[in-house]
Amino acid sequence: MVSLMQPYMDVESSRSYIDELYSPSGQKCLEAIICLKNSVIGSNRQKGSVIAQGVVPRLLQLLSDSTGRVGDRVRLESAVTLGSLAKGTDQHVRALIELNVVPLLLQVLLASTNRCNEPDDDNQTPLVEACLRCLRTVFHHTAAPVHAIYQDPGLVPRLLALASKSVTNQVCVATILTAACKTAEEQNALSRGGAVGALATQLDSPLSDVQLPALACLANMCYQNHTVSALVAAATTNSSQGRAVPVALGQLMGRERSALVQLEAARCVAYMHRAGALTSTDPRVVYRALPCLVRLCHRERPPRERVAAAETLAYLTEVDTDLQRLASISNHLISNLAELLKPHPSVLDATLSQDMRQAAFRAFASLGANDEDIRKRIIETENLMEQVVGGLQDPGGPRVRLAAVRCLHSLSRSVQQLRTTFQDHAVWRPLMQLLHGADRGLEGRGLEGEEDLLTVASSTLCNLLLEFSPSKEPILESGGVELLCSLTRRPDPALRLNGIWALMNVAFQAEQRVKSQILSCLGTDQIFRLLADPELAVLMKTLGLLRNLLSTKAHIDRIMAEHAAHVMQAVILVLEDPEHPADVKEQALCILANVADGDRARDHIMANEDVLKKLMDYMMHSNVKLQVAAIFCVCNLVWREEDGAAQRQARLRELGLYRILQQLRHTKDSQLFEKVKAAMSQFTDA
């Protein structure tokens, strides 16, 4: 292929008719365009040459001339030639986009809608079709300015009006709108422009070429958009029976339809269900979409078809346990998905091979999200865990690695598998390599997708760091604590949450050396920052970490000897904040209760009058849960078998704490009554 800057066409041999493009004679200009059009058809070299010689601006000029001087045929041939150039290489399409072909095409289409009722409207039809074809081709490019169709609020309704003029228009307009529907704002704009009703009408067409782009556009409009999905679910087609759109979609998933139509109809239903417009028990979901997608995942279907079906099935079943169970027992689905992970001699396209692996991992992740039996069946599939581990190290970019780690995360919810299969395959090793690599990638503003990779991988790590997991020790020996502490400093709240959550798991029943390592690496300043985190979940897990650190008498005493001032300050800050919910304050009181269990650590509570007053305040709180937590702390402080109990009891009596306990004896809450009774029984002269 010759680049744009290296024309293939010999200038002397082409100059004659290129010069004629600028002729004042309409006939000569027309002949030159036809010659030019014929020269570029099927030849990327010729396309590159024409673009490099600066011919495109002249074609745009001719196309935009609506005065009648150049004639409709010249404008038509200009549009057709531009459409041919748009079918060239990526570089060719970029050149057309940079020369503003999209705004001009939209301008011509807008002007044509103003002539809809004029007598010569039929003369405009070929020009409109040619412009729509060209626009459709350009809109397939990732750099296309698809937002341009929303700059004029009247443009979407006018495009939809053009769609009713011919089959070609229907196909092109629906395809254009599909490409321009990627955000919630765009979905809503299409809905306001009347796209739902117009596209629903196309579902009645006997032509699959008309149905397909309409289904694709409806699916894009429904994706994660409840409002639009509800409108689609309530819409009807224009058939004589007035079918509801969900009914039409159910019929379009029949086996007699083409596979592509079935897929797009199933995608519509899946998106409508996930957006809340169709329930998981709706017949179109259970008896149509799910069986259709499972059927199209079969190993005998074409690879690209299987990929699309598996991806859609993954999304459909992601959150619903019943759908996961039903899919997993249907038509050998698990073994058919496993086939996607194996090398296929017929698949030479590296991108397609990656797509197949990614789709399989995503589907397994959804199927195994909630059910232990399904996880077991997935893991017991031949060579499946080897494939997952291999997917974590896939060299082809983050896509497959992300899908593999999502699968691993789903499977890691199984306690049994953490103890057996995960240990047998040393899953922790490639996972740590993945985490370290993604962490460095983010530091260096690396590949797109590294943040998602880091988020899911760190979520998986949280499970592998549970107390009963054999992977816990080797992870810690591989720099796990340092990695997790670095995650708590990330701007992404999901990464901060995963980092502190995993540290909380590490600290549970940990040895003193591990707890000291966490405190040293994390630092008290960072703990305070996390306690002030705007994300409530991060704050809760930070309190959970402190609670786990301050467990076991010897550990409590040692940590408080070094960090008492910071711990007490942190607890007071949480208890004094009126914005914190009861669950947060309960955790802070439980931390105090743990401190009160230390032989020497409890002295830090007794010496802090602010903390003692807080305890008394919470003993009288309106929330019973907080009263119980406060009294539990008091129990630990006055436990008569501990050294110095008499002095502590005397001090608390002096402050009036015992009188509060006496008042609380009359509570009607059974749990609070038992706690009060236990606390009072510890006072020596009770």
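Remember, predicted model here, so these are calculated numbers, not experimental data.

Aromatic rings in a pair are described by how distant their centres are and how their planes are angled relative to each other. With the rule as written, the count across this model stands at four aromatic pairs. Judged by centre distance (5.4 Å) and plane angle (90 degrees), the ring pair of Tyr271 and Tyr315 falls under edge-to-face. Placement of Tyr271 in helix H16 (residues 259-274) and of Tyr315 in helix H18 (residues 303-317) is noted, with a sequence separation of 44 residues between them. Of the two residues examined, Tyr271 and Tyr315, each falls in the buried class. Taking NZ or CZ as reference, Arg274 lies 4.3 Å from the ring centre of Tyr315, over its face.

Attention shifts here to the nonpolar core. If you look at the biggest cluster of nonpolar residues, it comprises 244 residues, and the most contacted ones within it are Leu82, Phe139, Leu592, Ile605 and Leu661. Per element, the largest residue contribution to this core is 11 residues, and it comes from helix H35 (residues 553-576). Apart from the residues within four sequence positions on either side, Ile605 is in contact with Met568, Leu592, Val595, Ala596, Val611, Leu612, Leu615, Cys633 and Leu637.

What follows deals with the confidence of the model for the protein chain. On average, the protein chain scores 90 in pLDDT, and the residues at 70 or more come to 94%. The element-level mean pLDDT for the protein chain is lowest in helix H1 (residues 11-20), coming to 61, with H16 highest at 98. Considering only residues more than four positions removed or in separate chains, one finds that residues 1-13, a stretch of pLDDT under 50, has 25 contacts.

On to the environment of Ala629, then. Inspection of the secondary structure assignment puts Ala629 in helix H39 (residues 624-638). Classification of Ala629 by relative accessible area gives buried; the value is 6%. Residues in contact with Ala629, not counting those within four places in the same chain, are Glu586 and Leu589.

Between helix H36 (residues 582-596) and helix H38 (residues 609-619), the least distance of the axes is 12 Å, while the angle of their chain directions is 125 degrees. Taken as axis vectors, H36 and H38 run oblique relative to one another. Where H36 crosses over H38, the handedness of that crossing is left-handed. Residue-level contacts link Lys585, Leu589 and Leu592 of H36 to Val611, Leu615 and Tyr618 of H38. The residue makeup of the contact of H36 with H38, split by class, is five nonpolar, no polar and one charged.

Over its 15 residues, helix H5 (residues 72-86) runs 21 Å from end to end, which matches the ideal 21 Å to within 8%, given 1.5 Å per residue. Most of H5 is tucked away, with 12 of its 15 residues classed as buried. Three or more residues of H5 are buried, namely Val74, Arg75, Leu76, Glu77, Ser78, Ala79, Thr81, Leu82, Gly83, Ser84, Leu85 and Ala86.

All right, on to the packing of helix H23 (residues 384-392) against helix H24 (residues 398-411) then. Two quantities define a packed helix pair, namely the angle between the helix axes and the distance between the axes. It is the contact of H23 with H24, at a shortest axis distance of 7 Å, that shows an interaxial angle of 135 degrees. Taken together, H23 and H24 sit at an angle that is classed as oblique. Every pair of crossing elements has a handedness; the one defined by H23 and H24 is left-handed. Counting all contacts with H23, which are made through Met385, Val388, Gly391 and Leu392, the residues of H24 involved are Val400, Arg401, Ala404, Val405, Cys407, Leu408 and Leu411.

If you trace the backbone, Ser39 turns up in helix H2 (residues 26-40). Residue Ser39 is classed as buried on the basis of its relative accessible area of 17%. Engagement of the side chain of Ser39 in a polar contact is seen with the backbone oxygen of Leu36, the distance being 2.7 Å.

Under the domain assignment, the protein chain is made up of domain 1 (12-111 + 124-144), domain 2 (414-551) and domain 3 (563-685). Using C-alpha coordinates to define each centre, domain 1 is positioned 82 Å away from domain 3.

Rules of the game
Residues numbered from 1 in each chain as written. Predicted model: local features only at pLDDT ≥ 70, side-chain atom pairs only at ≥ 80, totals over all residues. Heavy atoms only, no water. Phe/Tyr/Trp six-rings, centres within 6.5 Å; stacked < 30°, edge-to-face > 60°. Helix = DSSP H or I, 4+ residues; strand = E, 2+ residues; numbered from the N terminus. Buried < 20%, exposed > 50% of the residue type's maximum accessible area, 1.4 Å probe, protein only. Lys NZ or Arg CZ within 6 Å of the ring centre and 35° of its normal. Core = buried A, V, L, I, M, F, W, Y, C linked by side-chain atoms within 4.5 Å. Contact = heavy atoms within 4.5 Å. pLDDT = per-residue confidence, 0-100. Axes fitted to C-alpha atoms, helices over the stretch in contact; angles between N-to-C directions. Parallel < 35°, antiparallel > 145°, perpendicular 65-115°, else oblique. Left-handed = near helix turned anticlockwise from the far one by under 90°. Nonpolar A, V, L, I, M, F, W, Y, C, P; charged D, E, K, R; others polar. Expected span 1.5 Å × (residues − 1). Polar contact = N/O pair within 3.5 Å; in protein donor to acceptor, adjacent residues only side chain to side chain. Domains from an automatic or database assignment.

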